[in-house]
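For reference, the chains in residue letters:
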Amino acid sequence: MSALRELSREFDARRAGLLVRVLPPGLYAGRARMLVMRSALASRSVWLAIVSGFFEPLFYLIAMGQGLGSLVGTVSGPSGQQLSYAAFIAPGLLATSAMNGAIYDSTFSFFIKLKYAKLYDAMLATPLGPVDIALGEIGWALLRGGMYSAGFLGVMLTIGLISSPWALLALPAALFVASAFASIGIAATSFMRSWQDFDLVQLAVVPMFLFSATFFPLSVYPSAVQWLVQAFPLYHAVSLIRSLTTGVAGWSALGHVTYFVVMATVGFMVASRRLTTLLLR
Amino acid sequence: MSDSLVQARGLRKRFGEFEAVRGIDIDVRAGEVFGFLGPNGAGKSSTMRMIACVSPRSDGELQVLGMDPDVDGPQIRARLGVVPQQDNLDVELSVRDNLHVYGRYFGMSRAAVRVKATELLDFVQLTDRADDPVEQLSGGMKRRLTIARSLVNDPELMLLDEPTTGLDPQARHLLWDRLFRLKQHGATLIITTHYMDEAEQLCDRLVVMDGGLIVAEGSPQELITRYSTREVLELRFPPGAEASWPETLRDLADRVEQLPDRLLLYAADGEAVLAAAHRRGVQPTSTLVRRSTLEDVFLRLTGRSLVH
Ligand SMILES: Nc1ncnc2c1ncn2[C@@H]1O[C@H](COP(=O)(O)OP(=O)(O)OP(=O)(O)O)[C@@H](O)[C@H]1O
Ligand SMILES: [Mg+2]
């Protein structure tokens, strides 16, 4: 435990060194992990949200995988191999749970803390700066996405939906996915003015969930639509994780990971800037 | 380099077109209690936020603890204790965890914050509420917790923006006592308030702000001597009957102020003015001769309901 703490301190310090070069001074104290600690302490009272976030994909898996699956039979996997319908959609649901976990904390909860609880104004009276806040909140949202995913991965393993040791990498992959959605979530929320704007989040998330090759292969779309689907992040998440749980991971996985690294970086930069203008006014 | 903990020269704050602070000079010396007085919108909080390094200045010079807030914000903030005008406690945490987590933001160790939290809860008399959620506290208790929180890092300089607003008289006196003790332990305090008695009791030196400018500066006693007379005669009249009296009495006093419910006559000798007023046939429902207070200075400087 103390070794871990040492490591995270080291990590914070290194990152500080790097960030100081790319950001103006005075915005970063290198203590983002304190926000994660604070969220963990606060979330003792919201276990329910976490549990429901974990059960939601499970219900989909049962309803669609078993129910619909009995009608569908088998589906062609990433390399043409035949998969049970449940094994086909499970990685899609895993990717979605990583996304949902990250989105929940980076949009709704973040908005409340920013606009109503004035939590970050209180933090700014300490050495913490906007960059600590952006990193810390992204870190926590990412952890929640990771927790949802780990739980669901356990379920997949238990009911035999995993056919490859590559699946071990599905968890780190889910963390990449979650960090990208968390960063974009924070960045987008920093532009929101009222609760009505959150309909936009639903408008982005629901179609992505339904159409990102989650429930059927990309090949069912005409090629123009395929391009469109491939532009959206959840498609990359689903493909990446499906290739891992079905054991056909190739170089394309690196492409997906790059997508998420870029998305996370852009989100983080925008979020830091926006928080700076919103909080240091 | 001076020995001022806060030094401002021509300090300005603009919000878009509007200028909230329009070029002020301040020097806060180590160990003193320095006050900001002024009507709503005078620019007190805007100034406090600039000193707290959470609001970049628009113009002018500012040094806090010998450093520049634009460059060394985190280093300065590490040594400040801030009580904002509006409580922003962490409502998702318990009373004790609020202190705990806040100390951790300052980089204190777990063991150190544990000791400190216990000590501070005792200091603000919230020990028996330590494990309650913050939401269950009364307004005054929240205010006390906010003050405890601001002390977690043993600040050298405290910024208190209307610390006692919303407190009952007993809680206010408890707070004054606590603030006084902090001062005795060598802390420097900057405080804004709308309570003149508070300013008079606590402040060694104060400035009166109005419309983004400093309109007067000095110790409470200096300000009273400079801007008011030794005594004040207060006259109350039946509703509707007071309108004509200011003209009749103007030459008896140095200055006359007409408030909605009473007339204030400023003079060195209040009793003498009262006797003269009686001789002119003035029949107030009640009279009071008292010493001048900061209230009178404030009234004069910020020009509320002034009769020339
Ligand atoms: N973030 C902001 N954006 C725009 N205007 C602001 C902002 N903050 C303060 N102001 C304006 O600046 C002026 C000074 O406000 P400030 O809060 O400093 O006053 P104050 O002296 O603290 O008043 P009060 O006694 O009511 O607390 C006001 O006119 C206010 O509307
Ligand atoms: Mg104010």
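What counts, and where the lines are drawn
Residues numbered from 1 in each chain as written. Chains lettered and ligands numbered in written order. Predicted model: local features only at pLDDT ≥ 70, side-chain atom pairs only at ≥ 80, totals over all residues. Heavy atoms only, no water. Near = heavy atom within 4 Å. Polar contact = N/O pair within 3.5 Å; in protein donor to acceptor, adjacent residues only side chain to side chain. Areas by Shrake-Rupley, 256 points an atom, 1.4 Å probe, with all protein chains shown as cover. Helix = DSSP H or I, 4+ residues; strand = E, 2+ residues; numbered from the N terminus. Nonpolar A, V, L, I, M, F, W, Y, C, P; charged D, E, K, R; others polar. Contact = heavy atoms within 4.5 Å. Buried area = accessible area lost by both parts, 1.4 Å probe. Salt bridge = Lys/Arg side-chain N within 4 Å of Asp/Glu carboxyl O. Donors = N, O, S within 2.8 Å, 3.2 Å for Na, K, Ca; no water.

Caption draft 1: Layout of the site of ligand 1. Surrounding ligand 1, one finds 14 residues, the nearest of these being Gly41(B), Lys44(B), Ser45(B), Ser46(B) and His194(B). Chain contributions to the surroundings of ligand 1 come from chains A and B. In this structure, Glu162(B) approaches ligand 1 through a side-chain N or O atom, which is 3.4 Å from an oxygen atom. Here His194(B) contributes a side-chain N or O atom positioned 2.8 Å from an oxygen atom of ligand 1. Bound to the protein, ligand 1 loses 65% of the 640 Å² it would expose on its own. Sorting elements by how many residues they give to the shell around ligand 1 places helix α1 (residues 44-51) of chain B first, with three residues. Of the residues in the shell around ligand 1, the class split is four nonpolar, seven polar and three charged.

Caption draft 2: Structural context of the interface of chain B and chain A. Counting residues at the interface gives 27 residues for chain B, matched by 26 residues for chain A. A combined buried area of about 2300 Å² lies between chain B and chain A, and 57% of that area is made up of carbon and sulfur atoms. On the chain B side of the contact with chain A, Arg77(B), Glu92(B) and Tyr105(B) bury the most area, a combined 28% of that side's loss. The interface formed by chain B and chain A holds two salt bridges in total. Among the ionic pairs, Arg38(A) bridges to Asp90(B), the shortest N-O distance being 2.5 Å. Listing elements by their share of the side of chain B that touches chain A, those giving two or more residues are β1 (4-15), α2 (69-77) and α3 (95-105) of chain B. Per element, the largest residue contribution to the side of chain B that touches chain A is five residues, and it comes from α3(B). The residue inventory of the side of chain B that touches chain A, partitioned by class, reads 14 nonpolar, three polar and ten charged.

Caption draft 3: The arrangement of the coordination of the magnesium ion (ligand 2) in detail. Every protein donor of the magnesium ion (ligand 2) is listed here as Ser45(B) (OG) and Gln85(B) (OE1), and their distances to the metal cover 1.9 to 2.2 Å. Taken together, the positions of Ser45(B) in helix α1 and Gln85(B) in the loop between β5 (80-83) and α3 put the pair 40 residues apart, joining distant regions of the chain.

Read these as layout, nothing more, since geometry by itself doesn't imply function.
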